[in-house]
Amino acid sequence: MARQQRGIRTRRTILEAAGAVFDEHGYAATTIAMVLERAEVTKGALYFHFPSKESLARAVLAERPPLETVPVRPCKLQEMVDVTFVLACRLLDDPLLKGGVRLAVDQCAPQSVDHAGLFRRWADHLTWLLRQAREQGELLPSVDPRETVEMLVGSLAGIQLMSRALTERADLAHRVAVMWSHVLPSIAVPGLLPRIDAASDRGSRVTEDLG
């Protein structure tokens, strides 16, 4: 049992190191040597879990983004807003999430690396929330949940790329707040708008509540 636990910890250490290196350098420039140096493990330990750089990339992308950890809210639009802000917060310090997002948009990664899976998981979860919002009368009649969510996911992907390039994502929360200031009036019933908190510090406050 102790050996099994050590193996699980070692695998996680390698994955987090790989996520950080992929985020910093992209797929093509990342080497196994870089991951070994960051993880501080032996080559044998790494190859025991991951036989290639490609398998490392697939494993990083297979990690599920922390979508379901946001507290359940009576207002489903607020819950959806919270998901995006918590993701923005975690993109500052979660190496697996950072590496997964970088790989998802990295056209140098091989075709066997699933570029679509991360975005599909985001879109599926947010669509589920937006359909609940529609059932609760939170949305304008013209809103199509799936089309709206796919626009949002695409916007988030682009916003975080721009934020990373300009400020290493230091201004990402502000950019997400600006996005919502434009999106919410076009999808939410007017009476709901004053009750939705989409301030730029929303993610840090929700994250603190999660402990």
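The shown structure was predicted, so the numbers you read here are calculated from the model rather than taken from an experiment.

Caption draft 1: How the structure looks around the overall build of the protein chain. A count of helical and extended segments in the protein chain gives ten helices and zero strands. The order of α-helices and β-strands along the protein chain, N terminus first, is α-α-α-α-α-α-α-α-α-α. Taken over C-alpha atoms, the radius of gyration comes to 19 Å for the protein chain, in line with the 17 Å a tight globule of 211 residues would show. Projected onto its principal axes, the C-alpha positions of the protein chain cover 60 × 40 × 30 Å. A separation of at least 24 residues holds for 68% of the contacts in the protein chain among residues at least 6 apart in sequence. As displayed, the protein chain has an accessible area near 10600 Å², and 54% of this comes from carbon and sulfur atoms. Across the protein chain, the 26 positively charged side chains and the 26 negatively charged ones have centroids separated by 5 Å.

Caption draft 2: How the structure looks around the domain arrangement of the protein chain. According to the domain assignment, the protein chain consists of domain 1 (2–62) and domain 2 (76–210). Using C-alpha coordinates to define each centre, domain 1 is positioned 28 Å away from domain 2. Counting the surface lost from both domain 1 and domain 2, the interface buries some 1500 Å², and carbon and sulfur atoms represent 66% of this. It is Asp 23, Tyr 27 and Leu 61 that lose the most area in domain 1 upon contact with domain 2, and together they represent 47% of the buried surface on that side. On the surface where domain 1 and domain 2 come into contact, there are two salt bridges. Taking the shortest distance from any N to any O, the salt bridge between Asp 23 and Arg 164 comes out at 3.2 Å. Remark: the boundary between domain 1 and domain 2 carries five residue pairs in polar contact (both at pLDDT 80 or more). Considering every element that reaches the side of domain 1 that touches domain 2, the biggest residue donor is helix 1 (residues 2–29), with twelve residues. Taken together, the residues of the side of domain 1 that touches domain 2 sort by class into nine nonpolar, three polar and six charged.

Cut-offs applied
- Residues numbered from 1 in each chain as written.
- Predicted model: local features only at pLDDT ≥ 70, side-chain atom pairs only at ≥ 80, totals over all residues.
- Heavy atoms only, no water.
- Helix = DSSP H or I, 4+ residues; strand = E, 2+ residues; numbered from the N terminus.
- Rg over C-alpha atoms; globule rule 2.2 N^0.38 Å.
- Contact = heavy atoms within 4.5 Å.
- Areas by Shrake-Rupley, 256 points an atom, 1.4 Å probe, with all protein chains shown as cover.
- Lys, Arg positive; Asp, Glu negative; His and termini not counted.
- Charge placed at Lys NZ, Arg CZ, Asp CG, Glu CD.
- Domains from an automatic or database assignment.
- Buried area = accessible area lost by both parts, 1.4 Å probe.
- Salt bridge = Lys/Arg side-chain N within 4 Å of Asp/Glu carboxyl O.
- Polar contact = N/O pair within 3.5 Å; in protein donor to acceptor, adjacent residues only side chain to side chain.
- Nonpolar A, V, L, I, M, F, W, Y, C, P; charged D, E, K, R; others polar.

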